[in-house]
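Residues per chain are reported as follows:
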Amino acid sequence: MKKNRTVAFIYAHPDDETFGCSYLIREIADGGDLPVLFTATRGDAGKTGRLGEMTREELAAKRDIELDKAIEILGITTLEQAGMGDGKLKEADPAALRELIADFLRRHEADVVVTFPEDGISGHADHIVIHHAVNEVVFGGQAPSVQKLYYNQLSSYEANSSSIIKIAENGNWDVKRRALAAHESQILSIERVFGKLGPDVPPGQQVEAFELGWERGVHFPIKAERTIFDDLN
Ligand SMILES: [Zn+2]
């Protein structure tokens, strides 16, 4: 059995990983396993928060620095960004996007994948494109090392026809708060979700939720899991 597990987070923009997965990523890193991150875009069409006007090039460069800071705080060991059109993933060649994701998963021999749920969690069109691309790659066997696929849901998410694992804050709010703060250009959307960042865990942020969407060919298996590594080969 392989000792270290690789968990691939496949996302659209810098900050998607921090919003919904900080507790999980820190826990994976602290356990000696490898969280790796792919983002399809550099987030250069986003807002600039309180930083004032910026060109797309300036914002892309700023968001690179922000993401570097955040991944260091979270313990992500590998980052790859495809630099595709931010806000325009729907217009991208779906086969090319799938191949980028599949290539990333194969090269890093990902055991587990985490991505957006079907509604993109926020409804963002780029998020929904990523959800479907990851599904097709994993379901189609383009990344044979992958044994499980999880969808990152809102913390309050509940379902009867699927299994959800909730990852507790467990002292990691400070990690998440610092990683969120690193995404300085996104502070307005961060404050909309988390309020003004302070030492206390915001209401509704005691857990992060991950729905098991697929495990070795089975869609939405029903099982009680202690960790995302349960039952891996
Ligand atoms: Zn996003």
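For the structure given in this document, a descriptive report is provided here. (Residues numbered from 1 in each chain as written. Predicted model: local features only at pLDDT ≥ 70, side-chain atom pairs only at ≥ 80, totals over all residues. Heavy atoms only, no water.)

Digging into the nonpolar core
Counting 59 residues, the largest nonpolar core has Phe9, Ile10, Ile101, Leu105, Val114 and Ile130 as its most contacted members. It is helix α4 (residues 125-139) that provides the largest number of residues to this core, a total of six residues. Setting aside residues up to four positions removed in sequence, Ile130 forms contacts with Ile10, Tyr11, Ala12, Ala40, Leu89, Leu97, Thr115 and Phe116. (Core = buried A, V, L, I, M, F, W, Y, C linked by side-chain atoms within 4.5 Å. Buried < 20%, exposed > 50% of the residue type's maximum accessible area, 1.4 Å probe, protein only. Helix = DSSP H or I, 4+ residues; strand = E, 2+ residues; numbered from the N terminus. Contact = heavy atoms within 4.5 Å.)

Section: the environment of Ile28
Mapped onto the secondary structure, Ile28 falls in helix α1 (residues 16-30). When its relative accessible area of 2% is taken as the criterion, Ile28 is described as buried. A C-alpha to C-alpha distance of 9.5 Å links Ile28 and Leu74, two positions 46 residues apart in sequence. For Ile28, the contacting residues outside a window of four places in its chain are Val7, Phe9, Asp33, Leu34, Pro35, Ile228 and Phe229.

Here we look at the side chain of Asn135
Structurally, Asn135 is set in helix α4. Look at Asn135 and you get buried, because its relative accessible area is 10%. Non-local contacts of Asn135, meaning those with residues more than four positions away in its chain, are made with Gly140, Leu149 and Tyr151.

Quick notes on the packing of aromatic side chains
Counted under the stated rule, the structure contains six aromatic pairs. Between the aromatic rings of Tyr151 and Phe220, the centroid separation amounts to 6.2 Å while the plane-to-plane angle is 50°, which identifies the pairing as tilted. Taken as a pair, Tyr151 in strand β5 (residues 148-153) and Phe220 in the segment after β8 (218-219) lie far apart in primary sequence, 69 residues in all. Taken together, the aromatic side chains of Phe19, Trp173 and Phe194 make up a single cluster linked through ring pairs. Over the face of the ring belonging to Tyr23 we find Lys176, whose NZ or CZ atom lies 4.8 Å from the ring centre. (Phe/Tyr/Trp six-rings, centres within 6.5 Å; stacked < 30°, edge-to-face > 60°. Lys NZ or Arg CZ within 6 Å of the ring centre and 35° of its normal.)

Regarding the packing of α1 against helix α2 (residues 56-74)
For any two helices packed against each other, the geometry comes down to the angle between their axes and how far apart the axes lie. Axis separation between α1 and α2 bottoms out at 8 Å; the angle between their running directions is 40°. Taken together, the axes of α1 and α2 are oblique relative to one another. Counting all contacts with α1, which are made through Glu17, Thr18, Ser22, Ile25, Arg26 and Ala29, the residues of α2 involved are Leu67, Ala70, Glu72, Ile73 and Leu74. Counted by class, the contact of α1 with α2 contains six nonpolar, two polar and three charged residues. (Axes fitted to C-alpha atoms, helices over the stretch in contact; angles between N-to-C directions. Parallel < 35°, antiparallel > 145°, perpendicular 65-115°, else oblique. Nonpolar A, V, L, I, M, F, W, Y, C, P; charged D, E, K, R; others polar.)

Things to note about the coordination of the zinc ion
Every protein donor of the zinc ion is accounted for by His13 (ND1), Asp16 (OD) and His127 (NE2), and the metal-donor separations fall at 2.1 Å. The sequence pattern formed by the donor residues of the zinc ion is H-x2-D-x110-H. One exposure class covers both His13 and Asp16, and it is buried. (Donors = N, O, S within 2.8 Å, 3.2 Å for Na, K, Ca; no water.)

As for the side chain of Ser185
Within the secondary structure layout, Ser185 lies in the loop between α5 (173-182) and α6 (187-194). A residue is classified by how much of its surface remains accessible, and Ser185, at 1% relative accessible area, is buried. A distance of 2.9 Å separates a polar atom in the side chain of Ser185 from a polar atom in the side chain of Gln186. Contacts of Ser185, omitting those with residues within four sequence positions, involve Lys47, Thr48, Gly49, Leu51, Leu59, Arg63 and Glu66. (Polar contact = N/O pair within 3.5 Å; in protein donor to acceptor, adjacent residues only side chain to side chain.)

Thoughts on the packing of α1 against α5
Taken N-terminus to C-terminus, the directions of α1 and α5 make an angle of 135°; their axes are 9 Å apart at the nearest point. Looking at the two axes, α1 sits oblique to α5. In the packing of α1 onto α5, the handedness of the crossing is right-handed. The segment α1 lies against α5, with Thr18, Phe19, Gly20, Ser22, Tyr23 and Arg26 engaging Trp173, Val175, Lys176, Ala179 and Leu180. (Left-handed = near helix turned anticlockwise from the far one by under 90°.)

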